[in-house]
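# Fold and contact review
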Amino acid sequence: MASTNAIANIGVTGLAVMGSNIARNFARNGYTVALHNRSIAKTDALLEAHGAEGDFVRTETIEEFVAALEKPRRVLIMVKAGEPTDAVIEELAAVMEPGDIIIDGGNALYTDTIRREAAMKARGLNFVGAGISGGEEGALNGPAIMPGGPAESYKTLGPMFESIAADVDGTPCCTHIGPDGSGHFVKMVHNGIEYADMQLIGEAYHLLRDALGFGAAQIADVFTEWNSGDLESYLVEITAQVLAQVDAGTGEPLVDVIVDAAEQKGTGRWTVKSALDLGVPVTGIAEAVFARALSGSRVQRRAAQRLASGTLAEKPSDTAQFTEDIRRALYASKIVAYAQGFDQIAAGSTEYNWDLHPGDLATIWRGGCIIRARFLNRIKEAYEQDPGLPTLILAPYFREAIEHAVDSWRRVVATATMLGIPVPAFASSLSYYDALRAPRLPAALTQAQRDFFGAHTYERIDAAGNFHTQWSGDRSEVPA
Ligand code: 6PG
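As the structure is a computational prediction, the values presented were derived from the model and not from experiment.

Our next topic: the overall build of the protein chain. Looking only at helices and strands, the protein chain has 19 helices and 13 strands in total. What you see for the protein chain is a C-alpha radius of gyration of 25 Å, in line with the 23 Å of a compact globule of 480 residues. Along the first, second and third principal axes, the C-alpha atoms of the protein chain reach 80 × 65 × 45 Å. A burial count over the protein chain gives 50% of its 480 residues as buried. Accessible surface computed for the protein chain: about 22,300 Å², of which carbon and sulfur atoms make up 53%. For the protein chain, the separation between the mean place of its 41 positive charges and that of its 60 negative charges on side chains is 3 Å.

See the structure below:
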């Protein structure tokens, strides 16, 4: 019920769908929630439809909103990332007091969160950048929550977040991630992995459709079956549901009447930009981001429709075998995507001194979030067994899974290439695996070339230090 005097445990400002659902989730879990929105109409709509779900406090102004909160005050901002977030933070900071906590639950760029946290700290306020995953449904019934910021604020905030988060086997899908921007950084990489996962599923669908000639309903059945094994995950499950959906207007599968140009709000792109800066090869995520961009290159795609595919096309003869090959290729490529994402998290942790724990992330990603999947249990176990794992691919379970899949993986990439079906994420993940395994990469040649034209020097396999060959002189080698 709405009341005007209650002392609220938490305030939520920004009552679009995500904000409303999180507010309802808190209220349903017994918290008194102060509500605020730029236009009161949204607040009233929420109270009208769901006011009976728990204790809400209706407020109109920021002053009223802040006054309704118990101390230390906790305000969760659920507005559009970017300038709107800065504007709300400024309004709140002007009326809040030292020790109060401002939480940004949007998909903020982590460097913005680092900046905001420092600015709020200087004013005595605690700022928590919290990644929240799970979409509308998750926000209402249990998301995965990745809060960064001061450890001190987690003491009061943690139990609240943990009570509204999803849980797996009694463990909440929420933990304190680390200082300042770490929560949003981890959420960003989560989204990068989400992009890779979706692209890989898309490539599997493309192959089932164009290499094997399956219709959408048939492919839906394949994904349903895959969802009962190692690939069990939210994204595979919804893929089956999407593919089974029939368009009411045309009677065709819905997927066949949707324009094939994928959009993005930016978190995948941020992941790749950050990976470039950190020097981490997140090739699967990068291919996924570029595949969306390519799908949206409508002018070029229209102009290129009639380009020749060559004459090598040969369809796979054994449908059941090739379907299984695709399943294994999907699984192996998915392992690579997660391995790369976890490498980026380790690199970010080192760069920013965050002391992140990959096993904890795997634990909280097992439920609530978009990339939740059965195999996150395996990732959790892998890091429990060896917290210093150099790459996830080397954990015994994953190594075995990939080695079991590798022939299928090669057949899928080779067949797709022969048929002219683009599989950028399958192919680049396989190349990444082969590059990691390779005893000698062509990078030695790159180093020699760099030394030739720019005297950039190289290291030798048989002596310490750096060396330079006097390419424009007598070509003798000198220590650099
Ligand atoms: C989540 C999602 C969510 C994201 C959408 C859309 O974890 O709940 O990652 O945060 O906004 O998936 O992202 P794109 O528009 O970039 O595909």
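Read on for the rest.
Once that is clear, we can look at the packing of helix H11 (residues 267–278) against helix H12 (residues 283–295). The geometry of H11 relative to H12 is characterised by a closest axis approach of 9 Å and an angle of 135 degrees between their N-to-C directions. Compared by their axis directions, H11 and H12 come out oblique. Crossing handedness for the pair H11 and H12: left-handed. On the side of H11, the interface is formed by Gly268, Arg269, Thr271 and Val272, while H12 contributes Ile285, Ala286 and Val289.

Okay, the packing of helix H9 (residues 216–226) against helix H10 (residues 234–244) next. A pair of packed helices can be characterised by two numbers: the angle between their axes and the separation between those axes. The geometry of H9 relative to H10 is characterised by a closest axis approach of 8 Å and an angle of 160 degrees between their N-to-C directions. Viewed along their axes, H9 and H10 adopt a mutual orientation that is roughly antiparallel. For the pair H9 and H10, the sense of crossing is left-handed. Taking contact as the criterion, the partners of Ala216, Ala217, Ile219, Ala220, Phe223 and Thr224 in H9 are, on H10, Val236, Thr239, Ala240, Leu243 and Ala244.

Attention now moves to the UniProt feature "active site" (unreviewed entry) in the protein chain. Listed under "active site" (unreviewed entry) in the UniProt record, and renumbered for this structure, are Lys187 and Glu194. As for its placement among the helices and strands, Lys187 is situated in helix H8 (residues 182–210). On the basis of relative accessible area, Lys187 is assigned to the buried category, the value being 6%. Those residues within four positions of Lys187 in sequence are excluded, and the remaining contacts are Asn107, Gly131, Ile132, Ser133 and Met146.

Following the criterion strictly, the structure yields 16 aromatic pairs and no others. Note on Phe452 and Trp471: the rings are 5.0 Å apart at their centroids and 40 degrees apart in plane angle, and the pair reads as tilted. Here Trp471 lies in the loop between strand S12 (466–469) and strand S13 (477–479) and Phe452 lies in helix H19 (residues 443–454), a separation of 19 residues in the sequence. The exposure class assigned to Phe452 is partly exposed, which follows from its relative accessible area of 47%. An aromatic cluster is present here, built from Tyr331, Tyr338, Phe375, Tyr397 and Phe398 joined pairwise through their rings. Taking the ring centre of Tyr195 as reference, the NZ or CZ of Arg292 above it sits at 3.6 Å. Seen from the ring of Tyr234, Arg372 lies directly overhead, with NZ or CZ sitting 4.1 Å from the centre.

It is worth spelling out the nonpolar core at this point. Membership of the largest hydrophobic core comes to 92 residues, with the highest contact counts inside it found for Phe223, Trp365, Ile379, Leu392, Trp409 and Phe426. In terms of nonpolar packing, the next biggest core, distinct from the first, is built from 29 residues, Leu15, Ile22, Leu46 and Tyr154 among them.

A few words now on the site of the ligand. Every one of the 14 residues lining the ligand counts as a neighbour, but Ser133, Lys187, Glu194, Tyr195 and Arg292 are closest to it. At 3.0 Å, a backbone N or O of Gly134 approaches an oxygen atom of the ligand. Within the side chain of Arg292, a nitrogen or oxygen atom sits 2.8 Å from an oxygen atom of the ligand. Protein chains shield 80% of the accessible area of the ligand, which is 420 Å² for the free molecule. Class assignment for the residues of the shell around the ligand results in two nonpolar, eight polar and four charged.

Before going further, it helps to spend a moment on H10. Buried residues of H10: Leu235, Val236, Thr239, Ala240 and Leu243, and no others. Down the axis of H10, the buried side of the element spans an arc of 145 degrees, and every buried residue falls inside it. Those residues of H10 that are buried are in contact with H8 and H9.

This paragraph deals with the pairing of strand S2 (residues 10–13). Residues of S2 alternate between two faces, with Ile10 and Val12 on one and Gly11 and Thr13 on the opposite face, all of them buried. As defined by bridge partners, S2 adjoins strand S3 (residues 33–36) across four bridges and the pair is classed as parallel. Each bridged residue has a counterpart across the sheet, and for Thr13 the counterpart in S3 is His36. In terms of handedness, the path from S2 via helix H1 (residues 17–28) over to S3 forms a crossover that is right-handed. Of the pairings in the sheet, the one linking S2 to strand S5 (residues 74–77) comprises three bridges and is parallel in character. Its bridge partner lying in S5, Gly11 is registered against Val75.

Quick look at the UniProt feature "binding site: substrate" (unreviewed entry) in the protein chain now. Under the present numbering, the feature "binding site: substrate" (unreviewed entry) in UniProt falls on Asn107, Ser133, Gly134, Gly135, His190, Asn191, Tyr195, Lys265, Arg292, Arg450 and His456. In three dimensions, the annotated residues from a span of 350 residues occupy distinct locations, with a maximal C-alpha spread of 48.7 Å. Structurally, Gly135 is set in helix H6 (residues 135–141). Discounting residues that sit within four places of it in the chain, Gly135 has contacts with Met18 and Ile370.

Thresholds, definitions, all that
Residues numbered from 1 in each chain as written. Predicted model: local features only at pLDDT ≥ 70, side-chain atom pairs only at ≥ 80, totals over all residues. Heavy atoms only, no water. Helix = DSSP H or I, 4+ residues; strand = E, 2+ residues; numbered from the N terminus. Rg over C-alpha atoms; globule rule 2.2 N^0.38 Å. Buried < 20%, exposed > 50% of the residue type's maximum accessible area, 1.4 Å probe, protein only. Areas by Shrake-Rupley, 256 points an atom, 1.4 Å probe, with all protein chains shown as cover. Lys, Arg positive; Asp, Glu negative; His and termini not counted. Charge placed at Lys NZ, Arg CZ, Asp CG, Glu CD. Axes fitted to C-alpha atoms, helices over the stretch in contact; angles between N-to-C directions. Parallel < 35°, antiparallel > 145°, perpendicular 65-115°, else oblique. Left-handed = near helix turned anticlockwise from the far one by under 90°. Contact = heavy atoms within 4.5 Å. UniProt positions renumbered as here; feature names shortened; annotations may be inferred. Phe/Tyr/Trp six-rings, centres within 6.5 Å; stacked < 30°, edge-to-face > 60°. Lys NZ or Arg CZ within 6 Å of the ring centre and 35° of its normal. Core = buried A, V, L, I, M, F, W, Y, C linked by side-chain atoms within 4.5 Å. Near = heavy atom within 4 Å. Polar contact = N/O pair within 3.5 Å; in protein donor to acceptor, adjacent residues only side chain to side chain. Nonpolar A, V, L, I, M, F, W, Y, C, P; charged D, E, K, R; others polar. Arc of directions from axis to C-beta. Pairing = 2+ DSSP bridges. Right-handed = clockwise from strand over helix to strand, strands pointing away.

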